[in-house]
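Listed below, chain by chain, are the residues.
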Amino acid sequence: HCLKRNYLRVFFIFILVTVFQHGSLLAQTRSDNKEPLYLSSAQSSQNTFWKDIDTHWGGRFKTTGTGSQVTDDTIFAPVGTGNYYDGSANLRLINETFLTDSVFFEVDYELIWAGGDIVRKQNELKEIFPNLSGDVFFLGAPLDDDRRLMNLTHTIKEEDSWFLLQRLDRLYLALNRQWGSVRVGRQAVTWGNGFVFNPMDLFNPFPPTAIDRDYKVGDDMINAQFSLSQLGDVQLLYVARRNPDTDEVESDQASLAGKLHFALATTEFDLMGSKHFEDNVVGVGSTGYLGDTAWRLDGTWTFLDDGDDYLSMVVNMDYSWVWFEKNFYGFVEYYFNGLGKDDYPDALLDPDITDRLARGELFVLGRNYLSCHIQIELHPLFQVFFTAISNVEDPSGILQPYATWDITQNLQLTGGLSLSYGAKGTEFGGFTLPGTDIRSKSPDN
């Protein structure tokens, strides 16, 4: 019954958007046909309303093929290891309907298919370990709506080795005026200045290893931004959520946050305060220039509901240059995770860590990380990238060489590798999960 209701909700929203589109075209057609001028004032006003509506459509279709090398001492050992081959497809349709010059409505629809060895093996693992939840390979904000205010995700079909689902990832009404803007509904917000890690971004940050960052997973929120004359701007957020255990909207699951942005000379500053779930978070950020190099610094202090507190910080510098008549770009970033531990099995027993891992807010278990990235434009249509993420205390890390080729204006091909390195017992080399003889190492792919 719940799935049927969600499906009807998605269907109803698209019918509504189609009606707006049809009304706009109908009004334009009547205008082109030069209807008689003796329409009533009500009819004239209605025609003017429909005629002023402007509808824009766009979208993206992405397919992905992945090969992963899974070793015998990982969590997949009970269901068979070796080489896994998988595929996925994502169709995203984007509609923007401008009701007036200052009021518009956006809805983004996603149709997602995924299948192959990983899906099949994870389903087999869940039969062996019923308490196993989530996607072992997936990092980031969950695609289900168990925590979100609106349930806008519907699984169309699910088999042992594949699934097909649809969802609305954007659904909001916006008002833009000279004094600022207000958006209500499912949307995405990004705070902070981190490239790989972003402690100030409390709301669905991208995983550090994410290459595709076109679309961030949305949340149901009220987002208001106001311009402060000769000072800067202030942004206020309220994110309503459900308790996934009770399916009830609860205040201790919500986020209430504010951020002040202002500039002094060539340096910009951010001041943030938030009540995030049951914790209080304050943050300070700054960006500026050192010669031709740009620098950024963000720090957050989290006060846990149990009385403990911790600091998280990220600082980075980026620079672009020309070498051998080729365009180069690179950055270096340091990240400190005050919640991290040196004992990784023990870290997975800490509810403060596991809760943030499950919510897609935290992605590492250690404390000190150094990342670097370089981009080379071999041709205006062909670029090569290399990203390295390292736990400097182990040491261990992840290497990501990849390349993109813009085949046409609307068609891009990306290919690359994700390789983990480190000795046994390190974070990325793989450590033994508590209470088992299984290593945590992620497969190379």
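That block above? That's the structure.
Sequence order sets the numbering: in each chain, residues are counted from 1 along the sequence as written. Only residues with pLDDT of at least 70 are given local features in this predicted model, and only at 80 or more are side-chain atom pairs given and counted; all residues enter the totals for whole chains, interfaces and linings. The side-chain numbers reported here are obtained from all heavy atoms of the structure, hydrogens and water having been left aside.

**Looking at the side chain of Asp 350**
Strands here mean DSSP runs of E at least two residues long; helices mean DSSP runs of H or I at least four residues long; both are numbered from the N terminus. Its place among the elements puts Asp 350 in the loop between α4 (344-347) and α5 (351-359). Whenever two N or O atoms come within 3.5 Å, that pair is a polar contact, provided that in protein one can donate a hydrogen and the other can accept it, and provided that, for residues adjacent in sequence, both atoms are side-chain atoms. In this structure the side chain of Asp 350 is engaged in a polar contact, spanning 3.3 Å, whose partner is the side chain of Lys 341. Among the polar contacts made by the side chain of Asp 350, one reaches the main-chain amide nitrogen of Asp 352 at a distance of 2.9 Å.

**Topic: the pattern of salt bridges**
We define a salt bridge as a contact between a side-chain nitrogen of Lys or Arg and a carboxyl oxygen of Asp or Glu at a distance within 4 Å. Summed over all chains, the structure comprises 24 salt bridges. In this structure, Asp 270 and Lys 259 form a salt bridge, with 3.8 Å as the shortest nitrogen-oxygen distance. Of the two residues, Asp 270 is situated in strand β12 (residues 267-276) and Lys 259 in strand β11 (residues 255-264); the sequence distance between them amounts to 11 residues. Pair check on accessibility: Asp 270 and Lys 259 agree, each one buried. Here the term buried applies to any residue with accessible area under 20% of the maximum for its type, exposed to any over 50%, and partly exposed to those in between, with areas from a 1.4 Å probe on protein chains only.

**As for the pairing of strand β20 (residues 411-416)**
Inspection of the sheet shows strand β19 (residues 396-408) paired to β20 by 6 bridges, in the antiparallel sense. Each residue of the ladder has a partner; that of Ala 403, found in β20, is Gly 415. Counting the residues between successive antiparallel strands, the hairpin from β19 to β20 contains 2 residues. Pairing between strands is defined by DSSP: at least two bridges between them are needed.

**With respect to the packing of aromatic side chains**
Any two of the Phe, Tyr and Trp rings considered here, Trp counted by its six-membered ring, make a pair once their centres fall within 6.5 Å; the pair's planes then place it as stacked at under 30 degrees, edge-to-face at over 60, or tilted in between. One pass over the structure, following the stated rule, counts 16 aromatic pairs. Look at Trp 191 and Phe 203: their rings are 5.7 Å apart centre to centre, the planes differ by 85 degrees, and that puts the pair in the edge-to-face class. In this pair, Trp 191 is assigned in the loop between β6 (180-187) and β7 (219-228) and Phe 203 in the loop between β6 and β7, connecting sequence segments 12 residues apart. Like Phe 203, Trp 191 is buried. With 5.5 Å between their ring centres and 20 degrees between their planes, Phe 262 and Phe 269 make a pair best called stacked. In this structure Phe 262 comes out as buried when scored by relative accessible area, which is 17%. An aromatic cluster of at least three residues, connected via ring pairs, comprises Tyr 319, Trp 321, Trp 323, Phe 324 and Phe 328. Cation placement over rings: the criterion is NZ of Lys or CZ of Arg within 6 Å of the ring centroid and within 35° of the ring normal. Positioned over the ring face of Tyr 215 is Arg 92, at 4.0 Å from the centre of the ring.

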